[in-house]
Amino acid sequence: MDSHQANDQTATPNRSGEPQTLGFLLLDNFTLISLASAIEPLRMANQLAGRELYRWYTLTQDGLPVRASDGLQVTPDASMHSPLSLEWVVVCGGVGPHRSVTREHVRWLQSQSRQLRRLGSVCTGSWALGQAGLLDHYETSIHWECLASMQEAFPNVILNANLFTIDRDRFTSSGGTAPLDMMLNLIGHDHGRELSAGISEMFICERVRNEQDQQRVPLKHVLGTTQPKLLEIVALMESNLEEPIELDELARYVNVSRRQLERLFQRYLLCSPSKYYLKLRLVRARQLLKQTPLSIIEIASVCGFVSTPHFSKCYREYFGVPPRNERLGGFERKSDGSKSPPLIRQWGGESNALEPSSCAQQALANAQGEPTFASVLLVS
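Predicted model only: the values in this text are computed from it and were never measured.

## Considering the overall build of the protein chain
Counting secondary structure elements, the protein chain contains 16 helices and 11 strands. Taking all 380 residues of the protein chain together, the buried fraction comes to 49%. Partitioning the contacts of the protein chain with sequence separation of at least 6, the portion at a separation of at least 24 is 70%. For the protein chain, the exposed surface amounts to about 18900 Å²; the carbon and sulfur share of it is 50%.

See below:
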């Protein structure tokens, strides 16, 4: 699946009817919130579908407990070397990934890749995939704290500041709750937008963010302290979105020529100052469209556009959709469907005796009494 296919929510169901099996590899000091944000949508997908669409296992290098970055100790389901038939492998990183990734991790991930596994990561787990050479020439996301260091360590990785990225058989996410959005997009692709919308409703998630949504990366973290003039100019831009400052005036504020100003932006931000300023205004407009009841005319004015048609044109060119469609682009739920929900089969009879039991099965069995059980009917 390429990076654009994730936005196409047409379902491509698993024709075998068997659940897709995921292994979550927990590195030392992984972030618990990112792990939960990735697993919980899978649990709810099973609950709303009324059957096991996904099965998952937590893994560590040796099968022993590992501590999350908040100090909580997690006992995994198995060692990463257990004979599990995994289809997806997700590396869960956190604090200090360069210290947590071992040679054994690297060799195991490379072996999973050779078996055509779908490989992913959350938070700083991309570091492990990068160290294994499995992200070369792939678009990749990672928590913003590691953007600069990862780019230096793995120059062949195509890094971006997106919340998450889905590029062919790789899916990588930044930290916090961003894995929730990534998994909702993946579930939507596999089983349709109605299911991902239902999960979003259950988690009281106002909207499902997509690959165009970006992390709010502090520019000083990208540039360090080497370019104080550039940081000062960007701060001025961010403070003056409603009434944009002319470039000549910006240059005078920080005692540089306009030519120097343009060189700074081209060298360090890879674009002209006017284009960067426009991006700031459009990103702010998108936030207002999604999070406020302001009219499109009001948003255009607040973000410094002289006319609504000009705003709409710029918005469409940058985001690929007009502002009106952006605002109306939420999921719609169907109200029909009277089919009886399927019953959960008794677990254990069909499993490989060598496989540990999956907590997905118990969670699904426990959910049978929930009013939302099998509330989203899937095309078989």
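The structure having been displayed, the exposition proceeds.
## Things to note about the packing of helix 1 (residues 32-49) against helix 7 (residues 193-202)
Two numbers describe a pair of packed helices, the interaxial angle and the distance between the axes. Orientation of helix 1 relative to helix 7, taken along the N-to-C sense of each, is 110 degrees, at an axis distance of 9 Å. Classified by the interaxial angle, the pair formed by helix 1 and helix 7 is roughly perpendicular. Seen along the crossing, helix 1 lies across helix 7 with a hand that is right-handed. Mapping the contact onto sequence places P41, M44, A45, Q47 and L48 in helix 1 and L195, G198, I199 and M202 in helix 7.

## Structural notes on the packing of aromatic side chains
According to the stated counting rule, one finds eight aromatic pairs in the structure shown. Both rings, one in Y315 and one in F319, keep their centres 4.7 Å apart while their planes meet at 45 degrees; by these two values the pair is tilted. Of this pair, Y315 and F319 both sit in helix 14 (residues 308-319), four residues apart, which is roughly one turn of that helix. Like Y315, the residue F319 is buried in the burial classification. One aromatic cluster in this structure is built from F305, F311, Y315, Y318 and F319. Sitting over the face of the ring of F305, R281 holds its NZ or CZ atom 4.3 Å from the ring centroid.

## A look at the sheet that holds strand 2 (residues 54-60)
Here we have seven strands laid out as an open sheet, ordered 5-2-1-6-7-11-10, and mixed in their pairing. The open sheet terminates on both sides in strands that have one partner only, identified here as strand 5 (78-79) and strand 10 (164-167). Of the pairings in the sheet, the one linking strand 2 to strand 5 comprises two bridges and is parallel in character. Residue pairing in the sheet places T60 in a bridge with S79 of strand 5. The strands touched by helix 3 (residues 103-114) are strand 1 (20-26), strand 2, strand 6 (88-92), strand 7 (118-122) and strand 11 (170-173); relative to strand 6, the strand with the most contacts, the crossing angle is about 155 degrees.

## Focus on the side chain of T21
Residue placement: T21 occurs in strand 1. With sequence-adjacent residues up to four places away left out, T21 is seen in contact with R55, Y57, S85, L86, E87 and W88.

## A short note on the pattern of salt bridges
Scanning the entire structure with this criterion turns up 12 salt bridges. Salt-bridge contacts for R170 lead to D169; the nearest nitrogen and oxygen are separated by 3.1 Å. Here D181 and R209 are joined by a salt bridge, their closest N and O atoms 2.7 Å apart. On the criterion of sequence distance, the pair formed by D181 in helix 6 (residues 178-191) and R209 in the loop between helix 7 and helix 8 (219-223) is long-range, its members being 28 residues apart. Of the residues examined, D181 reaches a relative accessible area of 2% and is grouped as buried.

## Considerations on the packing of helix 6 against helix 7
Direction vectors running N to C along helix 6 and helix 7 enclose 145 degrees, while the axes themselves pass 7 Å from each other. Of helix 7, the residues touching helix 6 (which contributes L184, I187, G188 and H191) are R193, L195, S196, I199 and S200. Grouping the constituent residues of the contact of helix 6 with helix 7 by class yields four nonpolar, four polar and one charged.

## A short note on unusual backbone geometry
Positive phi is not limited to glycine here, since N29 has a value of about 65 degrees. On the secondary structure map, N29 appears in the loop between strand 1 and helix 1. Even without glycine at this site, C123 takes up a positive phi of about 60 degrees. Inspection of the secondary structure assignment puts C123 in the loop between strand 7 and helix 4 (126-131). Residue C123 is classed as buried on the basis of its relative accessible area of 5%.

## Observations concerning the nonpolar core
Counting 38 residues, the largest nonpolar core has L22 and F24 as the members making the most contacts within it. With eight residues, the single largest contributor to this core is helix 1. Setting aside its immediate chain neighbours within four residues, L22 contacts L42, Y54, R55, W56, Y57, L86, W88, V90 and M183. Counting 29 residues, the second-largest nonpolar core is a separate cluster that includes Y57, L86, V89 and V157.

What counts, and at which threshold
- Residues numbered from 1 in each chain as written.
- Predicted model: local features only at pLDDT ≥ 70, side-chain atom pairs only at ≥ 80, totals over all residues.
- Heavy atoms only, no water.
- Helix = DSSP H or I, 4+ residues; strand = E, 2+ residues; numbered from the N terminus.
- Buried < 20%, exposed > 50% of the residue type's maximum accessible area, 1.4 Å probe, protein only.
- Contact = heavy atoms within 4.5 Å.
- Areas by Shrake-Rupley, 256 points an atom, 1.4 Å probe, with all protein chains shown as cover.
- Axes fitted to C-alpha atoms, helices over the stretch in contact; angles between N-to-C directions.
- Parallel < 35°, antiparallel > 145°, perpendicular 65-115°, else oblique.
- Left-handed = near helix turned anticlockwise from the far one by under 90°.
- Phe/Tyr/Trp six-rings, centres within 6.5 Å; stacked < 30°, edge-to-face > 60°.
- Lys NZ or Arg CZ within 6 Å of the ring centre and 35° of its normal.
- Pairing = 2+ DSSP bridges.
- Salt bridge = Lys/Arg side-chain N within 4 Å of Asp/Glu carboxyl O.
- Nonpolar A, V, L, I, M, F, W, Y, C, P; charged D, E, K, R; others polar.
- Core = buried A, V, L, I, M, F, W, Y, C linked by side-chain atoms within 4.5 Å.

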